[in-house]
Amino acid sequence: MNEVPVTLWVNGQTYAVRVSPRKLLSDVIREDIGLTGTHVGCEHGVCGACTVWVDDRPTRSCLMFAIQAEGHAVTTIEALAQHGQLNVLQQALHEEHGLQCGFCTPGIVMTMEAYLHEHPNPTVDDIRDALSGNLCRCTGYQNIVAGVQKAARVFAQNSSGATSAAGNESTHLSEGGREYV
Amino acid sequence: MKPAIFTYRRPATLHEALKLLEETGDEGKVIAGGQSLVPMMNMRLARPEYLVDINDLDDLRYIHPFEEGIDIGSLTRHDELERSAILRRLCPIVPTAAHFIGHYAIRQRGTIGGSMAHADPAAELPLLAVLLDATLTIASLDNTRSQTAREFFLSMYTTDLQPNEILTAVRFPVIPPDSGWSFKEFSRRAGDFALVSAACTMQLNSSGSVEQLHLALGGADLIPISVDASIASFIGERPDARWRQAVAKAALNDLEPMSDVHASTQDRLDWLALTVDQVLTQSSLRANVEIGEQASHTPEEEKL
Ligand SMILES: Cc1cc2nc3c(=O)[nH]c(=O)nc-3n(C[C@H](O)[C@H](O)[C@H](O)COP(=O)(O)OP(=O)(O)OC[C@H]3O[C@@H](n4cnc5c(N)ncnc54)[C@H](O)[C@@H]3O)c2cc1C
Ligand code: FES
Ligand code: FES
């Protein structure tokens, strides 16, 4: 099946695998590297469960071929907890009961962790807007929003460096309001 | 939901990429952000034999202001448009609309070039390109040509791009500071493709009458359309509520948006009337008003 050698750099470790160029990054992370925290729901970019970081940017791993990630740093959910200790966002989601079955949770953490670093003081509307790319079929989102808000408060308290915002201007846009029906 | 087999190429230069496309002909396909192409490949709606990955072509990632416009490299990501200080100052409708493309993670990866080339009839950036009549730069191995956005989009998912060509840049004109502008879209959920959208620029003279008016609609036809010709006769009047209603009526005259599982033709027409009214209102409020948070200077160029 036209396999080629591919070298990936995942969570700071190098992995040499042989895969077909058509193999999705999500499948290689799960099947060839064995990191099953990255979940696969829809495989067309809609559900967000497969979100990882590529060069620190949240990215759908189902919309990227593993071979495209060569030369880039991939980070998965497994890298966030340190020494068995949940990170701030994970802990807040846990405390606020922001997950039930947990299928959506890795994608939500990878999305909102990046988002909070870039948008240190999000409003509830900002949080909901950023969350729109992650489907959760269990929680009804209320507790996820509460968890993200809690994490944002902790970030703000420790703000000395915790929020290394990549963009120094507020990206909150008041324009183009979407209608909800 | 797995793509068919293909051969992968990752050229390091534009020249190399164009050479590959020349060789692969109809079987080759460019991949930029992959946010439209990979879903189609996963569903086997697209089965390219060769995938030419242009993500290493860093020369295609830039936002350069010049006298009358801003050149944007085709590989510039939606998120980069959204955060650009240059665009916020010189063409603020672009970052404003870019925020409505898909979701946060989609915008980290999707590119302006991919958006134009994909030509979804509901997409935000093609709508702005038609509104502002942006100029597209298109390269092939032995030629570089320019084309206006109003000629580039041919039909749903169909543009004038040939299989051996790469879109390299999109040039937007500057929106003058005293010009009003607005973008609005209507969708069922945040992040979904818009069902309808509208974008407008407007200039008023010293007595408050409309001096210049551009209006473009998305979701009204197979491609984003400019309705400037239908509304030209309304220039010279004051933009009050009756005027807005008359403009919306003229703009939608003769249009027959598609009817599908998401919305009927009549729904789309009703929402278009609503969004047109909103963009006209907001543009007239913005016209002549100094924009509060203008940066003290515009960076020469942005490294992305
Ligand atoms: C869940 C989800 C929601 C989305 N919502 C929206 C939305 O609301 N609005 C919207 O506009 N888009 C939306 N998109 C699509 C997204 O905007 C894509 O980024 C965009 O349509 C295509 O850009 P890309 O760089 O990803 O292109 P790709 O997917 O890489 O390519 C798309 C097409 O363009 C061609 N192409 C790409 N770059 C070039 C180039 N430089 N020269 C020639 N041909 C080229 C490719 O060959 C392919 O045919 C959504 C996507 C997803 C997955
Ligand atoms: S599996 Fe990737 S977005 Fe759903
Ligand atoms: S917790 Fe079950 S899908 Fe979100």
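Quick notes on the rules
- Per-chain numbering applies: the sequence of each chain, read as written, is numbered from 1 onward.
- Lettering of chains starts at A and numbering of ligands starts at 1, both following the order in which they are written.
- At least 70 in pLDDT is required for a residue's local features to be given in this predicted model, at least 80 for side-chain atom pairs to be given and counted, and no such filter applies to totals for whole chains, interfaces and linings, which use all residues.
- Computation of side-chain values: all heavy atoms of the structure, hydrogens and water removed.
- Note that the domain bounds reflect an automated or database-derived domain assignment.
- Contacts: residue pairs with any heavy atoms within 4.5 Å of one another.
- Buried area is understood as the total, over both parts, of accessible area removed when two parts are fitted together, assessed with a 1.4 Å probe.
- Basic side-chain nitrogens of Lys or Arg form a salt bridge, by our definition, when they fall within 4 Å of a carboxyl oxygen of Asp or Glu.
- Any N or O atom pair separated by 3.5 Å or less is treated as a polar contact, with the protein-specific requirement of one donor-capable and one acceptor-capable atom, and with residues adjacent in sequence counted only for side-chain atom pairs.
- In this text, helices come from DSSP runs of H or I with a minimum length of four residues, and strands from runs of E with a minimum of two, each type numbered from the N-terminal end.
- In this scheme, a residue with accessible area under 20% of its type's maximum is buried, one over 50% is exposed, and one in between is partly exposed, where area comes from a 1.4 Å probe on protein chains only.
- Pairing between strands is defined by DSSP: at least two bridges between them are needed.
- Axes here mean lines fitted to C-alpha atoms, for a helix over just the part in contact, with angles spanning 0 to 180 degrees between N-to-C directions.

**Let's talk about the domain arrangement of chain B**
Residue and element names in this part refer to chain B.
And step 1. According to the domain assignment, chain B contains domain 1 (7–53), domain 2 (58–171) and domain 3 (180–294).
And step 2. Domain 2 and domain 3 are separated by 21 Å when their C-alpha centres are compared.
And step 3. Contact with domain 2, which involves 24 residues of that partner, is made by 28 residues of domain 3.
And step 4. Roughly 2100 Å² is buried in total at the junction of domain 2 and domain 3, and carbon and sulfur atoms are behind 71% of that figure.
And step 5. When the area that domain 2 buries against domain 3 is broken down by residue, the three leading residues are Pro121, Leu127 and Leu131, summing to 28%.
And step 6. At the junction of domain 2 with domain 3, the criterion picks out one salt bridge.
And step 7. Of the charged contacts, one joins Asp228 and Arg150 as a salt bridge, the two residues approaching to 3.6 Å between their closest N and O atoms.
And step 8. Linking domain 2 with domain 3 are two residue pairs in polar contact (both at pLDDT 80 or more), by the criterion used here.
And step 9. Residue assignment for the side of domain 2 that touches domain 3 shows that the elements contributing at least two residues are helix 5 (93–98), helix 8 (124–131) and strand 8 (153–155).

**Structural notes on the environment of Ala250 of chain B**
Residue and element names in this part refer to chain B.
And step 1. Along the polypeptide, Ala250 turns up in helix 11 (residues 241–252).
And step 2. In sequence terms Ala250 and Ser233 are 17 residues apart; their C-alpha atoms lie 9.7 Å from each other.
And step 3. With sequence-adjacent residues up to four places away left out, Ala250 is seen in contact with Ser230, Ile231 and Phe234.

**A few points about the pattern of salt bridges**
And step 1. Within this structure, the stated rule accounts for 22 salt bridges over all chains.
And step 2. One salt bridge connects Arg61 of chain B with Glu80 of chain B, and the closest N-O pair in it is separated by 2.5 Å. Here Arg61 of chain B, found in the loop between strand 3 (50–53) and strand 4 (63–66), pairs with Glu80 of chain B, found in helix 3 (residues 78–83); they are 19 residues apart in sequence, far enough to count as distant.
And step 3. Of the residues examined, Arg61 of chain B reaches a relative accessible area of 26% and is grouped as partly exposed.
And step 4. With relative accessibility at 12%, the residue Glu80 of chain B sits in the buried group.
And step 5. Ionic contacts of the salt-bridge type, sharing partners, join the residues Arg57 and Glu118 of chain A together with Asp79 and Arg83 of chain B into one network.

**Topic: the sheet that holds strand 3 of chain B**
All names here are of chain B.
And step 1. In space, the three strands of this open sheet follow the order 1-3-2, with parallel pairing throughout. Of all the strands in the sheet, the pair left with one neighbour each is strand 1 (7–9) and strand 2 (28–31). Neighbour-to-neighbour, the strand axes of this sheet turn through a mean angle of 25 degrees, independent of strand direction.
And step 2. Packing of helix 1 (residues 14–24) onto the sheet brings it into contact with strand 1, strand 2 and strand 3, and relative to strand 3 it is tilted by some 165 degrees.

**Remarks on the domain arrangement of chain A**
Residues and elements named next belong to chain A.
And step 1. The assigned domain composition of chain A is domain 1 (4–79) and domain 2 (88–180).
And step 2. Taken together, the contact between domain 1 and domain 2 spans 17 residues of the former and 15 residues of the latter.
And step 3. Roughly 1200 Å² of surface becomes buried between domain 1 and domain 2 when both sides are summed, with 63% attributable to carbon and sulfur atoms.
And step 4. Of all residues in domain 1, His39, Trp53 and Ile77 give up the largest surface area on contact with domain 2, accounting jointly for 40% of the area buried on that side.
And step 5. On inspection of domain 1 and its partner domain 2, the count reaches one salt bridge.
And step 6. Counting across the domain 1 and domain 2 interface gives six residue pairs in polar contact (both at pLDDT 80 or more).
And step 7. Contributions of two or more residues to the side of domain 1 that touches domain 2 are made by strand 3 (51–54) and strand 4 (57–60).

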